[in-house]
Amino acid sequence: MQNCKKCRIQIQGEKERCPLCGGKLVGEPSERAFPVLPKTKVTRMSFMRVSLFLFCAFETAMIVLGCCLEYWPGWLLLAMVAAVVGIIDISLAVYYRNNLLQLVAVEVYIGLVVTVMIDLFTGQPYWSVNWVLPIAFACLPVATAIIGKASHMEVDDYILYLLFDVIMSTGVQGILLLNRIHTFRYPALISIAFVIVFFLWIIIFNHRELRRETSKLFNV
Ligand SMILES: [Zn+2]
C-alpha cells in the first residue's frame, strides 16, 4: 500500500501524489479500490480536432480551386457554405450531446434555416415555407414528448421545450402568413392549430398537478 510520510495516511489503489498535500508517495501501489472504465477510443476533443482539420482543408481546397478557375461557380460557394453549416452542426452536437431534447431542437431549427436558405438561393421560398416548415414544426413537439417519455422525464421537465415549440411555430409561421409568403396556406394553418392543441393536450392530461386536481374533482 502507498503512504504519505508527511500526512501519515495510507492510500488505497494507485495514486501519483498524495491527495491531501500533493507530496510524493512511498510504498507499492495496491489494487484499485474501484474498477476503471476503459477509455473510449475517440475522445470528444480528438473528434473535434479531426472535424476542424477536415473543415479547414476542405475550405482551403475550395478557395484554391476557385482561384485556379478564376471564377467562383455557384456550386463551389454552396459547398463552402455547406461545410460551414456542417462544422457548426458537429460542434453543437458535441456541445449538446448530454441533452437529447436540446440537440434535437437545435438540429431541427438549423435544418429549417438551411432549407429556407437553399430555397431562397434557388428561387423563391415556396416548398420549404409551404411544406417543410409546417411538417417540421408539427413533428418537433411530438418528438419532444416522445423523447421525454422515453427518458422517463416528468412533463414539468420538458414542458418549457414544448412551450418554445408552440411560440416558434405560431410566431414564425404567423409572421410568414401575415406577410403572405405562402403560396399554399393550409399546411401552415393546420400545423399551428395542431401544435397548440397538442400542447394543451399534454398540459391537461399529463401534467401531474392538473391530473391530480382533475381526478379529485371527478372522484367527489
Ligand atoms: Zn500527504
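Residues numbered from 1 in each chain as written. Predicted model: local features only at pLDDT ≥ 70, side-chain atom pairs only at ≥ 80, totals over all residues. Heavy atoms only, no water.

Draft legend 1. Summary view of the nonpolar core. Core analysis: the biggest nonpolar cluster contains 12 residues, these being L101, A145, I147, V155, Y158, I159, L162, V166, V195, F198, F199 and I202. Counting only elements with at least two residues in this core, the list comes to α4 (126–150), α5 (155–178) and α6 (186–206). Take this core: its biggest share by element is 5 residues, from α5. In contact with I159, other than residues within four places in its own chain, are F199, I202 and I203. Counting residues in each nonpolar core, the second largest holds 9 residues, with A105, A136, F137 and L176 among its members. (Core = buried A, V, L, I, M, F, W, Y, C linked by side-chain atoms within 4.5 Å. Buried < 20%, exposed > 50% of the residue type's maximum accessible area, 1.4 Å probe, protein only. Helix = DSSP H or I, 4+ residues; strand = E, 2+ residues; numbered from the N terminus. Contact = heavy atoms within 4.5 Å.)

Draft legend 2. Representation of the environment of I9 in the model. Considering the arrangement of structural elements, one finds I9 in strand β2 (residues 9–11). The class of I9 is partly exposed, set by a relative accessible area of 24%. For the pair I9 and P19, spaced 10 residues apart in sequence, the C-alpha separation works out to 9.9 Å. Excluding anything up to four places from it in sequence, I9 contacts Q2, N3, C4, C18 and L20.

Draft legend 3. Quick look at the packing of aromatic side chains. This structure, assessed with the given rule, holds 7 aromatic pairs. Ring centres of Y95 and Y96 lie 5.1 Å apart, and the angle between their planes is 85°; on these two criteria the pair is classed as edge-to-face. Centre to centre, the rings of W131 and F184 are 5.6 Å apart; their planes meet at 35°, and the pair counts as tilted. In this pair, W131 is assigned in helix α4 and F184 in the loop between α5 and α6, connecting sequence segments 53 residues apart. (Phe/Tyr/Trp six-rings, centres within 6.5 Å; stacked < 30°, edge-to-face > 60°.)

Draft legend 4. Spatial organisation of the packing of α4 against α6. Viewed as axis vectors pointing N to C, α4 and α6 meet at an angle of 15°, and their least axial separation amounts to 8 Å. The angle between the axes of α4 and α6 places the two elements in the roughly parallel class. Taken as a pair, α4 and α6 cross one another with a handedness that is left-handed. Of the residues in α6, those in contact with N130, W131, P134, F137, A138, P141, V142, A145 and K149 of α4 are P187, A188, S191, F194, V195, F198, I202 and N206. Residue classes in the contact of α4 with α6 are distributed as 13 nonpolar, 3 polar and 1 charged. (Axes fitted to C-alpha atoms, helices over the stretch in contact; angles between N-to-C directions. Parallel < 35°, antiparallel > 145°, perpendicular 65-115°, else oblique. Left-handed = near helix turned anticlockwise from the far one by under 90°. Nonpolar A, V, L, I, M, F, W, Y, C, P; charged D, E, K, R; others polar.)

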